[in-house]
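Listed below, chain by chain, are the residues.
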Amino acid sequence: MTEEIKTLDDLGAAVEGEAAAAAAAEAPAREPVRDELGRAYATGKRKDAVARVWIRPGSGKVTINGRDMSTYFARPVLQMILRQPFEVAGVVDQFDVMATVKGGGLSGQAGAVKHGISKALQLYDPALRPALKAAGFLTRDARVVERKKYGKRKARRSFQFSKR
């Protein structure tokens, strides 16, 4: 700093300039992560379900455990959950999805596939990361079933009390 700082405005400008230069030097640009076949892979989790998801450019076909999305997830709500990452990122019908999912029930499996699709999209194209992160799709939902406690009927439910 060869020039003298005489006012608070000068000090603020100098500090902002140094902070911006340091942030630009520290944060490297994210690189796309793809395999030799041009696919991006990610693991999604929700409740007890774990989904392995591969995405590649295509026509929007979604295959889960070897079956089409409409047959595996028959409920429209579960299909909507799977489409959310594509709608938020603005890439509807641009990627084919192949997923294998194990554990949990249908709702947890749909959430796991959604999480995996979101992570794979941001790995395939890092420019989609801000939109997916703002929507909260890259964060693993940590809510799981509470364990049963001894002396209770369920996790919190007590046995029926009888006065007489």
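Here goes a summary of the coordinates provided.

## Describing the sheet that holds strand β2 (residues 49-57)
- Strand order in the open sheet made by the 5 strands is β1-β2-β5-β3-β4, with mixed pairing throughout. If you trace the sheet from one side to the other, it starts and ends with β1 (40-46) and β4 (67-68), each paired once.
- Pairing analysis gives 3 bridges linking strand β3 (residues 62-64) to strand β5 (residues 95-102), with the strands arranged parallel. Bridge pairing links valine 62 to valine 97 in β5.
- Along the sheet face, helix α4 (residues 106-124) touches β1, β2 and β5 and points at about 145° away from the line of β1.

## Regarding the packing of helix α3 (residues 76-89) against α4
- Remark: α3 packs on α4, axes separated minimally by 9 Å, with the N-to-C direction vectors making an angle of 10°. Judged by the angle between their axes, α3 and α4 are roughly parallel. Packed against α3, whose contacting residues are Leu78, Ile81, Leu82, Gln84, Pro85 and Phe86, the element α4 presents Leu106, Ser107, Ala110, Val113, Lys114, Ile117, Ser118 and Leu121 at the interface.
- In terms of residue class, the contact of α3 with α4 is made up of 10 nonpolar, 3 polar and 1 charged.

## Here's the deal with unusual backbone geometry
- Even without being a glycine, lysine 47 presents a positive backbone phi close to 50°.
- The topology assignment puts lysine 47 in the loop between β1 and β2.
- A relative accessible area of 39% means that lysine 47 is categorised as partly exposed.
- Located in the positive-phi region is aspartate 93, a residue other than glycine, with phi close to 60°.
- Within the fold, aspartate 93 resides in the loop between α3 and β5.
- On the basis of relative accessibility, which here comes to 53%, the residue aspartate 93 falls in the exposed class.

What counts and what doesn't
Residues numbered from 1 in each chain as written. Predicted model: local features only at pLDDT ≥ 70, side-chain atom pairs only at ≥ 80, totals over all residues. Heavy atoms only, no water. Pairing = 2+ DSSP bridges. Helix = DSSP H or I, 4+ residues; strand = E, 2+ residues; numbered from the N terminus. Contact = heavy atoms within 4.5 Å. Axes fitted to C-alpha atoms, helices over the stretch in contact; angles between N-to-C directions. Parallel < 35°, antiparallel > 145°, perpendicular 65-115°, else oblique. Nonpolar A, V, L, I, M, F, W, Y, C, P; charged D, E, K, R; others polar. Buried < 20%, exposed > 50% of the residue type's maximum accessible area, 1.4 Å probe, protein only.

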